[in-house]
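# Structural overview
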Amino acid sequence: MPNRGRFITLEGGEGVGKSTLAAELSLRLSRRGVDVIRTREPGGTPGAEAIRKLILTPDGEIGGWQPMAETLLFYAARRDHLDKLIRPALERGSWVICDRFSDSTRAYQAAAGGVSAGDVEAIDRICVGVTVPDLTLVLDLPIALARQRMTARAGAADAIESRLLSYHEAVHLGFLEIAKANPQRCAVLDASANPQSLADAAMAAIDARLDGVR
Ligand code: T5A
């Protein structure tokens, strides 16, 4: 599609630095004259933000979600986000930087949560279709270090953050497997670097893979 913007997703476990990197990339690309939309999942539209609350901070009556129900909620939020924000922005020629996307469902609900990878791919084909990211930056950080950063930041753990360490280890491995299986789309970055060095590495990946504008 001519004039289509670029779709960049940031992936990795909690506390690895995705939001911090998204803000810095957005700044650096804007300075180059790129129209950048920064967004996140679950969320990005009022409907998807409402679903985010249902998933991450369900009230007592709900009592949590089973893995397939949780998967479908993430995809309901994703479809709303695609229809109302991501696709219109890309069609206008804007670049979209999205903090998490389908790879998070593959890592959390499939690799760690036990939903079959085939089921997630079938749902993804229906909901996401061809709007696949042009580039996915996978932030790789040992869980212990990510936890230290989250503890330093404080705030109560949500329904997913509070899952067992073994769950989060499976998520971490899941992301690395996704990157290995999709080398054209994914670049793995060492997230133990300081924020500026990490942003330098991310911009190098963008320039190498997306005909960066200067
Ligand atoms: N989820 C989501 C699913 O299970 N399936 C799905 O399909 C989707 C889309 C989302 C939750 O939902 C799950 C995954 C999550 O559990 P969230 O609140 O959006 O919840 O969680 P995160 O995306 O993980 O957000 P976090 O804010 O926790 O982590 P970030 O964005 O990776 O980290 P960031 O940038 O906020 O940084 C954390 C701390 O580290 C510092 C920051 O200042 C901050 O204090 N920091 C660094 N320190 C040193 N060096 C660096 N390079 C640093 N970068 C940041």
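Above this text sits the structure in question.
My aim in this report is to walk through the structure given alongside it, one point at a time. (Residues numbered from 1 in each chain as written. Predicted model: local features only at pLDDT ≥ 70, side-chain atom pairs only at ≥ 80, totals over all residues. Heavy atoms only, no water.)

### Thoughts on empty space enclosed by the protein
The gaps left among the atoms become clear once a water-sized probe is rolled over them. We apply this condition: A cavity here means a set of 1 Å grid points, computed over protein atoms only, where a 1.4 Å probe fits but cannot escape. A pocket is an open set with protein on both sides within 12 Å along at least 5 of 7 lines, and lining residues have an atom within 4 Å of a point. Grid points are joined across faces, edges and corners, and a volume is the space filled by probe spheres set on the points. Numbering of helices and strands runs from the N terminus; a helix is a DSSP stretch of H or I covering at least four residues, while a strand is a stretch of E covering at least two. Gly falls in the polar group here, along with every residue not listed as nonpolar (Ala, Val, Leu, Ile, Met, Phe, Trp, Tyr, Cys, Pro) or charged (Asp, Glu, Lys, Arg).
If you walk through the whole model with that rule in mind, you get one cavity of 30 Å³ or more. The calculated volume of the largest cavity comes to roughly 120 Å³. If you trace the largest cavity, you find it lined by G13, E14, V16, L139, L141, I143, A146, R147, M150, H168, V171 and H172. Those elements that provide at least two residues to the lining of the largest cavity are helix 6 (143–153) and helix 7 (165–181). Ranked by the residues each element gives to the lining of the largest cavity, the list is headed by helix 6, at four residues. Looking at the lining of the largest cavity, its residues break down into seven nonpolar, three polar and two charged.

### Brief notes about the sheet that holds strand 4 (residues 135–140)
What counts here: Strand pairing follows a simple DSSP-based rule, namely that at least 2 bridges must link the two strands. An axis is simply a line fitted to the C-alpha atoms; with a helix, the fit covers only the stretch in contact. Between two such axes, the angle follows the N-to-C directions and lies from 0 to 180 degrees.
One open sheet holds the five strands; their spatial order is 2-3-1-4-5, and the pairing between them is parallel. Of all the strands in the sheet, the pair left with one neighbour each is strand 2 (36–40) and strand 5 (186–190). Here the average twist between neighbouring strands, direction ignored, is 20°. Where strand 1 (residues 7–11) meets strand 4, four bridges bridge the pair, whose relative direction is parallel. By the bridge assignment, T9 is partnered in strand 4 with T136.

### Observations concerning unusual backbone geometry
Where the residue is not glycine, phi is negative for most of them; where a peptide bond is considered, it is trans in most cases. Each neighbour pair has its own omega, and for E41 with P42 the value is -10°, a cis peptide bond. Note on placement: P42 falls in the loop between strand 2 and helix 2 (46–56). For R100, which is not glycine, the phi dihedral falls at a positive 85°. Among the secondary structure elements, R100 is positioned in the loop between strand 3 (95–99) and helix 4 (102–112).

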